[in-house]
Structure formats: C-alpha cells, structure tokens
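# Structural characterization, general
As a plain string of letters, each chain reads:
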Amino acid sequence: MDLDTRLLRYFVAVAEEGTLTRAAERLYVSQPALTKQIRQLERLLGVRLFTRSRTGMTPTEAGRLLAARAPGLLADLDGLLREARSVERRGARVLRVGFLASAANEATPHIITEFGRRRPGWRVEMRQAPWSNPSAGLADGDVDVALVRLPFPGQEALRITPLFSEPRWIALPAGHRLADRAEIAFREVWDEPFVAAVPEAGAWRDEWLAAAERDGRPVRVGAVTDLPDDWLSAIANGSGIALAPASAARFYARPGIVYRPVSGVSGSEVAVARSPADDGNAVVRDFVRCCVRVVGPRQDAG
C-alpha cells in the first residue's frame with residue numbers, strides 16, 4: 001500500500017487539535033478539503049480513525065494508536081531525507097541558501113563573498129522561494145540555510161538569528177490619490193484593497209497585511225499573488241496596494257509603481273534560519289557567522 005505522508009500529517013494535526021476547524025486553520029487548508037483527506041486516509045487503511053460529534057473529533061482505538069506513532073515516523077522520515085540531501089550537497093561542496101524576494105538586501109553578495117573566504121572551494125547556490133513557502137525551503141529540507149523575514153509559520157522549530165530590521169513602506173499605483181504624499185499614515189489606507197500573499201503563508205501573510213495593526217478593521221484583499229512579478233503587476237494594474245520593505249523601492253523599482261514611507265506600522269525583521277538538525281554542521285554555522293559578521297546583529301536598514 002502506497003501512503004501519502006501528507007495524509008498522515010493532516011491526521012496528526014486533527015488528532016492534536018481535536019477539531020477539524022482548528023486543524024484546518026493550522027494547516028492553512030479549507031475544512032472540506034481536510035475532511036476529504038481524512039476520509040481518504042481511513043479508506044486506505046480500512047479503519048475508522050475518528051468518532052465525529054458536534055464537540056469535535058475523538059480518535060478511535062485505531063486512531064489513538066496511529067496518533068501515538070505517526071509523529072515519530074514523520075520526524076524520522078523528515079530527518080532521513082534532510083540528512084540524505086545534506087550528505088549529497090556536502091559531497092559536492094554546495095551550500096543551498098533559500099531566500100524570499102531581496103534576501104538580505106545589499107548585504108547578500110558580501111555575505112556570499114565572506115563565506116567563500118571562510119570556506120574555499122565551496123559554492124553558494126541561492127534559491128528563491130515563493131511566498132507560499134515563507135521558510136524559503138528550510139522547513140522542507142530543500143535548502144541548508146535560509147534568509148527569511150519574521151514571523152512565519154513553524155519558525156519556533158528552527159534556529160533563528162535576527163540580523164537587521166527595516167521600515168515597512170507602502171507600494172501604490174502611480175495614479176493613486178496618495179501617490180504624491182511624502183509619507184502616508186497607515187490608517188488612511190485601512191479600507192483599501194491590498195495585494196496579499198496566498199493563505200498558505202499563514203502568519204507571514206498576516207504580517208504583510210498588518211492584520212494586527214488595523215485597530216480591528218478587517219482586511220480587504222484585492223488580489224492574491226505568490227511571486228514578486230505577479231505582486232508588482234497586481235499593484236501596477238490597480239488591483240490593490242501593498243506593504244513592502246523599504247528596500248523594495250530599490251530592488252523592485254518599476255514604472256507605474258511608487259513606494260512611500262508609511263507611519264503607524266512596525267518594521268520588518270530579516271533573519272538567517274537553520275535547522276536544529278544542523279547544530280553540528282560546521283559549514284552551516286559558518287554561513288550564519290558570515291551573516292552576522294557582514295550585517296551585524298539587529299542593525300536598522302532602509
């Protein structure tokens with residue numbers, strides 16, 4: 001029997017949360033989709049895993065057995081896959097670095113140069129991730145280390161080293177009513193449509209909508225995008241406005257879009273992240289040291 005590990009991960013979430021609603025929120029999937037996946041797992045195994053009621057989902061005896069063992073099985077599998085990929089990359093002397101958008105801004109090439117000095121013969125392979133993967137591939141083991149923006153789902157399970165913070169600005173179509181302002185108060189645009197990341201980005205999406213800094217006002221979403229080019233097109237076409245790092249004005253300058261400082265929102269924090277499984281990996285630790293050496297801990301930029 002071939003068993004999709006995603007089904008096991010969904011099962012574990014429901015067993016731990018106790019309700020489909022909370023589990024769906026945790027997994028960033030719809031409740032009907034999650035229900036379908038749990039039923040598919042039950043059909044594959046040929047056993048009933050939950051007793052459903054108005055109060056929640058109670059594991060059956062078979063469900064309790066699976067709930068006790070599945071997390072360990074998944075952790076072992078994740079560790080095995082990560083170790084296999086790491087061994088291959090070490091043999092090739094390649095360090096894969098995941099990043100979102102502009103990574104560590106202008107410091108990125110200096111970090112790579114410093115790493116090259118520290119580790120002669122090693123090559124850094126930069127891998128840009130979509131916004132639906134705000135750990136930049138680190139949580140999946142696709143990269144060895146990642147330059148990320150905080151917060152993002154699952155960061156508690158990783159080793160995070162903050163590097164610097166920068167202000168958040170607002171990106172507007174050039175014809176927007178506030179485009180000529182030197183600075184914009186965030187409250188002035190609370191009711192406007194925003195260009196959002198995909199729901200799978202979770203807390204990272206909420207951060208870039210400043211959902212917690214709207215005095216309770218709901219967010220209006222005008223467009224949903226997963227890549228910088230699509231994000232820029234949505235803004236330029238008037239589908240919505242968006243919060244952006246101040247550095248976006250340098251890295252993502254484009255005709256038809258203006259960037260303006262915005263008051264009333266907190267800044268954005270850039271960090272370097274690695275897996276606890278790499279606590280003994282001297283190459284990964286060296287890259288983290290290079291980030292801190294080049295950027296300096298917790299500097300302000302922008």
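Above: the structure in question.
Presented here is a report on the structure given in the accompanying data block. Because the structure is a prediction, the values reported are computed rather than measured.

### Considering the overall build of the protein
In terms of helices and strands, the protein carries nine helices and 14 strands. Taken along the three principal axes of its C-alpha coordinates, the protein extends 65 × 50 × 25 Å. Evaluated residue by residue, the protein yields a buried proportion of 46% over its 302 residues. Considering only contacts within the protein whose residues lie at least 6 apart along the sequence, 74% involve residues at least 24 apart. Roughly 14800 Å² of accessible area belongs to the protein as shown, and the carbon and sulfur atoms make up 50% of that amount. Both charge centroids of the protein, one from 41 positive and one from 37 negative side chains, sit 2 Å from each other.

### With respect to the packing of aromatic side chains
This structure, assessed with the given rule, holds seven aromatic pairs. Ring geometry for F186 versus F194: centroids 6.2 Å apart, planes at 90 degrees, classification edge-to-face. Consider the rings of W204 and W208, whose centres lie 6.1 Å apart with planes at 50 degrees: the pair is tilted. One end of the pair, W204, and the other, W208, are both in helix α6 (residues 203–208), four residues apart, so they sit about a helical turn from each other. A residue is classified by how much of its surface remains accessible, and W204, at 7% relative accessible area, is buried. Judged by its relative accessible area of 9%, W208 is buried. In this structure an aromatic cluster arises from ring pairing among W131, W204, W208 and W231. A cation sits over an aromatic face here: R168 above W208, 5.5 Å from the ring centre. Over the ring of F194 we find R214; its NZ or CZ atom is 4.5 Å from the centre of that ring.

Rules and cut-offs
- Residues numbered from 1 in each chain as written.
- Predicted model: local features only at pLDDT ≥ 70, side-chain atom pairs only at ≥ 80, totals over all residues.
- Heavy atoms only, no water.
- Helix = DSSP H or I, 4+ residues; strand = E, 2+ residues; numbered from the N terminus.
- Buried < 20%, exposed > 50% of the residue type's maximum accessible area, 1.4 Å probe, protein only.
- Contact = heavy atoms within 4.5 Å.
- Areas by Shrake-Rupley, 256 points an atom, 1.4 Å probe, with all protein chains shown as cover.
- Lys, Arg positive; Asp, Glu negative; His and termini not counted.
- Charge placed at Lys NZ, Arg CZ, Asp CG, Glu CD.
- Phe/Tyr/Trp six-rings, centres within 6.5 Å; stacked < 30°, edge-to-face > 60°.
- Lys NZ or Arg CZ within 6 Å of the ring centre and 35° of its normal.

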